[in-house]
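This is what each chain is made of:
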Amino acid sequence: MDITFKQVDYTYQANSPFEHKALKNLSFHLPGGSFTAIVGHTGSGKSTLLQHLNGLVRPTSGSVQIGEHTLEPKKKPKQAKELRKQVGIVFQYPEHQLFEETVEKDIAFGPRNFGVAEKEIAKRVKESAAAVGLDLSLLSRSPFELSGGQMRRVAIAGVLAVRPRVLVLDEPTAGLDPRGQQEIMDMFYRLHKEQQLTTILVTHSMEDALTYADHMLVLDKGEKYMEGTPVKVFQDRQALQQVQLDVPEIFQFLQKTSERFGKQVAYEGENVDRLAEQLADLAGDKHE
Amino acid sequence: MYAIEFKNVSFRYEEEQPYVLRNVSFQVEAGEWLAIIGHNGSGKSTIAKLMNGLLFPTEGEIIINGIPLNEENIWEIRRQVGMVFQNPDNQFVGTTVRDDVAFGLENRGVPRAEMMDRITSSLEQVRMQDYLLHEPYRLSGGQKQRVAIAGVLAISPSVIILDEATAMLDPLGRKEILDTVHHVQAAQQLGLITITHDLNEVMQAHRVLVMNDGEIWTTTVPRELVKRQTELQQIGLDVPFVTQLAHALERQGITLDEQPIDHEELLDALWTLHSNK
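Every value quoted in this text rests on a predicted model; they were computed, and no experiment measured them. (Residues numbered from 1 in each chain as written. Chains lettered and ligands numbered in written order. Predicted model: local features only at pLDDT ≥ 70, side-chain atom pairs only at ≥ 80, totals over all residues. Heavy atoms only, no water.)

A. A look at the nonpolar core. Ranked by internal contacts, the top residues of the largest apolar core, which has 76 residues, are Ile107, Phe188, Met216 and Phe234 of chain A together with Leu245 of chain B. Residues within four places of Phe234 of chain A in sequence aside, it is in contact with Met206, Ala209, Leu210, Met216, Leu240, Asp246, Val247, Pro248 and Phe251 of chain A. If you look at the next biggest cluster of nonpolar residues, it comprises 45 residues, including Trp33, Val84, Phe92 and Leu105 of chain B. (Core = buried A, V, L, I, M, F, W, Y, C linked by side-chain atoms within 4.5 Å. Buried < 20%, exposed > 50% of the residue type's maximum accessible area, 1.4 Å probe, protein only. Contact = heavy atoms within 4.5 Å.)

Spelled out as structure tokens, the structure:
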């Protein structure tokens, strides 16, 4: 599903002493099936942008187009419920929102709320649990008896069970151990591909942006600061540092290597093994 | 005398239930920085809760500055062991930064004049003295955690525990906290225990204790630990970028004399190789 922001402004508590412009003249277009990373320092407008995606808030001016749905100022979206069905948001620490007696009921809550037939719900619960790698034997357990990583999977399965076309992920790996982080991100990437989702990842991790995203949006003080492929955005370290961000560690290391050896060592879409080859060549060069 | 000593500590929440910690023994010296790592559910946070009496061992003994911890002396122990938790929003009680730092002091009946001194000096140590009358909830995550650290410093503990205190922060906030903690720890010779998933944070510690399934997997120095990349990955952990790169270089036939722990050490080693060609 395509997502288009056209000159979106969003102002909190307008016409009051607390007036605060959270988004300013924000325009961008995300084609259906893309994987976009949104980065920005705390207070850059990421969360406000996110709340527009399923109509939790409407722009103060400008418009937001999500598939067939349009969000405009002062006009209640016609089918807000339909929009929310299509845009699944995994909030930060989603496991804090679990509340049902069993894993099964928790996963079923979303689709049940949207009026999906019971037979279909049962099918979706199983599918979603499998998609996030939860053993079906856990379905009858209380979600509160599970480990943190499992609880997060239950919460994510609940979002998937509604069968969204757009998946919005707000810092989905926070608090997980390194293996858990990679498993969850790999799982989202697989779902993104398999279900041809349009995925939006809000993250502090430049590494994740580089690994998973094909498009990147950098926000600063509510405005679009940079946009492009991650590799392109990461070419300009200085610009990112000006807004208190940085490039992934591999780019930092390449920059230091270039300086030390007085020779440009470029990023070649690599993993550490490719980088090691480059370095081996460099170190093996005859000293002039 | 150790700042903290665990002697054969085991813990389970209830009889019948499985142990979450089994036979854990280690020591932290005064002025030492120990990082504790381990997969989710490995027992790291249980250790933290045992250290300041939020939980008590099922078996074994915990000794803080020579005093065995028990239910009678927990209030004294809590003055000596300060804790900073993960979520910056869950640990504020005051409506201003100053009130918040004062809270712990008031609880302990510190006289007013001394309280003012301690608030000022602890906020100076975390470089938040200019925010005395600010409302905590308007601060950034990194600033909030610095105020939380000031609140702990104000009661002059001998050990500070950071339980995933940087996990919810952005990279800049993380750096702020680590720089602050590093500075305070060195200046005051505090014992410091950081419980973390952040590998670059681990590399700065003096020693590292690795937990796996409720048991100590190893206690070593960071430089030695990262040599065991494959094993670490098997227990759900990882090694920093620079270690991964050093291992990839080995696969290219380049062996470094010493395991590098940061970019500069690795670049130095490569430069030496290059210069000797």
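B. Here's a closer look at unusual backbone geometry. All names here are of chain A. Backbone geometry at Gln7 places phi at a positive 45 degrees, although glycine is not the residue there. One can find Gln7 in strand β1 (residues 3-12). Located in the positive-phi region is Gln196, a residue other than glycine, with phi close to 45 degrees. Of note, Gln196 is situated in the loop between α6 (178-194) and β8 (198-202). (Helix = DSSP H or I, 4+ residues; strand = E, 2+ residues; numbered from the N terminus.)

C. Inspection of the UniProt feature "domain: ABC transporter" (unreviewed entry) in chain A at higher detail. In this numbering, the UniProt entry assigns the feature "domain: ABC transporter" (unreviewed entry) to residues 3-246 of chain A. Along residues 3-246 of chain A the backbone is 35% helical and 25% strand, and the end-to-end C-alpha distance reaches 27 Å. (UniProt positions renumbered as here; feature names shortened; annotations may be inferred.)

D. Representation of helix α5 (residues 148-160) of chain A in the model. All names here are of chain A. Under the 1.5 Å per step criterion, the end-to-end length of α5 is 19 Å for 13 residues, consistent within 8% with the ideal 18 Å. Of all 13 residues that make up α5, 10 are buried, and the element is covered over most of its length. Among the residues making up α5, those that are buried are Met151, Arg152, Arg153, Val154, Ala155, Ile156, Ala157, Gly158, Val159 and Leu160. In this structure, the buried residues of α5 make contact with β6 (87-90), α3 (103-113), α4 (118-131), β7 (166-170) and α6. (Expected span 1.5 Å × (residues − 1).)

E. Here's a closer look at the sheet that holds strand β4 (residues 59-64) of chain B. Residue and element names in this part refer to chain B. In space, the 4 strands of this open sheet follow the order β2-β1-β4-β5, with antiparallel pairing throughout. Whereas interior strands pair on both sides, the edge strands pair on one side only; in this sheet they are β2 (21-28) and β5 (67-68). Bridge count for β4 against β5 is 2 bridges, and the pairing is antiparallel. Its bridge partner lying in β5, Ile63 is registered against Pro68. Lying over the sheet, helix α1 (residues 44-51) contacts β1 (4-11), β2 and β4, oriented at roughly 120 degrees with respect to β1. (Pairing = 2+ DSSP bridges. Axes fitted to C-alpha atoms, helices over the stretch in contact; angles between N-to-C directions.)

F. Summary view of the pattern of salt bridges. All names here are of chain A. According to the stated counting rule, one finds 31 salt bridges over all chains in the structure shown. Close ionic contact of Lys221 with Asp220 constitutes a salt bridge, the shortest N to O distance being 3.7 Å. Judged by its relative accessible area of 18%, Asp220 is buried. One salt-bridge network, in which partners are shared between bridges, spans Glu120, Lys123, Arg124, Glu127 and Arg163. (Salt bridge = Lys/Arg side-chain N within 4 Å of Asp/Glu carboxyl O.)

G. Structural detail: the sheet that holds strand β2 (residues 20-30) of chain A. All names here are of chain A. What the 4 strands build is an open sheet, ordered β2-β1-β4-β5; its pairing is antiparallel. Where the open sheet ends on each side, the last strands, each with one partner, are β2 and β5 (69-71). Each neighbouring strand pair of the sheet contributes to a mean axis angle of 20 degrees, computed without reference to strand direction. Bridge analysis of strand β4 (residues 61-66) against β5 gives 3 bridges, and the strand direction is antiparallel. Paired with Gln65 across the strands is Thr70, a residue of β5.

H. Examining the pairing of β6 of chain A more closely. Residue and element names in this part refer to chain A. Residues Val87 and Ile89 line one face of β6 and the alternating positions Gly88 and Val90 line the opposite face, and both faces are buried. Taken together, the 4 bridges between β6 and β7 define a ladder with parallel strand orientation. If you follow Val90 over to β7, its bridge partner there is Leu169.

I. Molecular detail of the interface of chain A and chain B. Counting from both sides, the interface comprises 32 residues of chain A and, opposite them, 38 residues of chain B. Interface of chain A and chain B: buried area, both sides summed, is about 3300 Å²; carbon and sulfur atoms make up 62% of it. If you look at where chain A meets chain B, you find 3 salt bridges. Asp268 of chain B is the partner of Arg260 of chain A in a salt bridge, and the nearest nitrogen-oxygen pair spans 2.8 Å. In this structure, the connection of chain A to chain B is made through 12 residue pairs in polar contact (both at pLDDT 80 or more). Top element by residues in the side of chain A that touches chain B is helix α11 (residues 272-284) of chain A. It accounts for 10 residues. Residues belonging to the side of chain A that touches chain B are distributed by class as follows: 14 nonpolar, 9 polar and 9 charged. (Buried area = accessible area lost by both parts, 1.4 Å probe. Polar contact = N/O pair within 3.5 Å; in protein donor to acceptor, adjacent residues only side chain to side chain. Nonpolar A, V, L, I, M, F, W, Y, C, P; charged D, E, K, R; others polar.)

J. Here's a closer look at the domain arrangement of chain B. All names here are of chain B. In terms of domain boundaries, chain B breaks down into domain 1 (4-239) and domain 2 (240-277). A straight line from the C-alpha centre of domain 1 to that of domain 2 covers 33 Å. Each side of the interface is counted separately: domain 1 has 9 residues, and domain 2 has 10 residues. Carbon and sulfur atoms make up 59% of the area that domain 1 and domain 2 hide from each other, which totals about 900 Å². Summed over the three residues of domain 1 that lose the most area to domain 2, namely Met203, Arg223 and Val239, the buried surface amounts to 59% of that side. Here Arg223 ties to Glu258 by a salt bridge, and the two come within 3.7 Å at their closest N and O atoms. In this structure, the connection of domain 1 to domain 2 is made through 4 residue pairs in polar contact (both at pLDDT 80 or more). Ranked by residue count, the leading element in the side of domain 1 that touches domain 2 is helix α7 (residues 199-204), at 3 residues. (Domains from an automatic or database assignment.)

K. The packing of α3 of chain A against α4 of chain A, seen in detail. All names here are of chain A. Taken N-terminus to C-terminus, the directions of α3 and α4 make an angle of 125 degrees; their axes are 9 Å apart at the nearest point. By the criterion of interaxial angle, the relationship of α3 to α4 is oblique. Two packed elements cross with a definite hand, and for α3 against α4 that hand is right-handed. Contacts between α3 and α4 involve Glu104, Ile107, Ala108, Pro111 and Arg112 from the first element and Glu118, Ile121, Arg124, Val125, Ser128 and Ala129 from the second. Its residues assigned to classes, the contact of α3 with α4 shows 6 nonpolar, 1 polar and 4 charged. (Parallel < 35°, antiparallel > 145°, perpendicular 65-115°, else oblique. Left-handed = near helix turned anticlockwise from the far one by under 90°.)

L. Structural context of the pairing of strand β7 (residues 159-163) of chain B. Residue and element names in this part refer to chain B. Where burial is concerned, most of β7 is hidden: 5 out of the 5 residues are buried. Of the two faces of β7, the one holding Val159, Ile161 and Asp163 and the one holding Ile160 and Leu162 are both buried throughout. With 4 bridges connecting them, strand β6 (residues 81-84) and β7 associate as parallel partners. The residue bridging Val81 from the neighbouring strand is Val159, located in β7. Summarising the sheet, β7 and strand β8 (residues 191-195) pair through 5 bridges and their orientation is parallel. By the bridge assignment for β8, Asp163 is matched with Ile195. At this point the chain moves from β7, through helix α6 (residues 171-188), to the parallel β8, and the crossover so formed is right-handed. (Right-handed = clockwise from strand over helix to strand, strands pointing away.)

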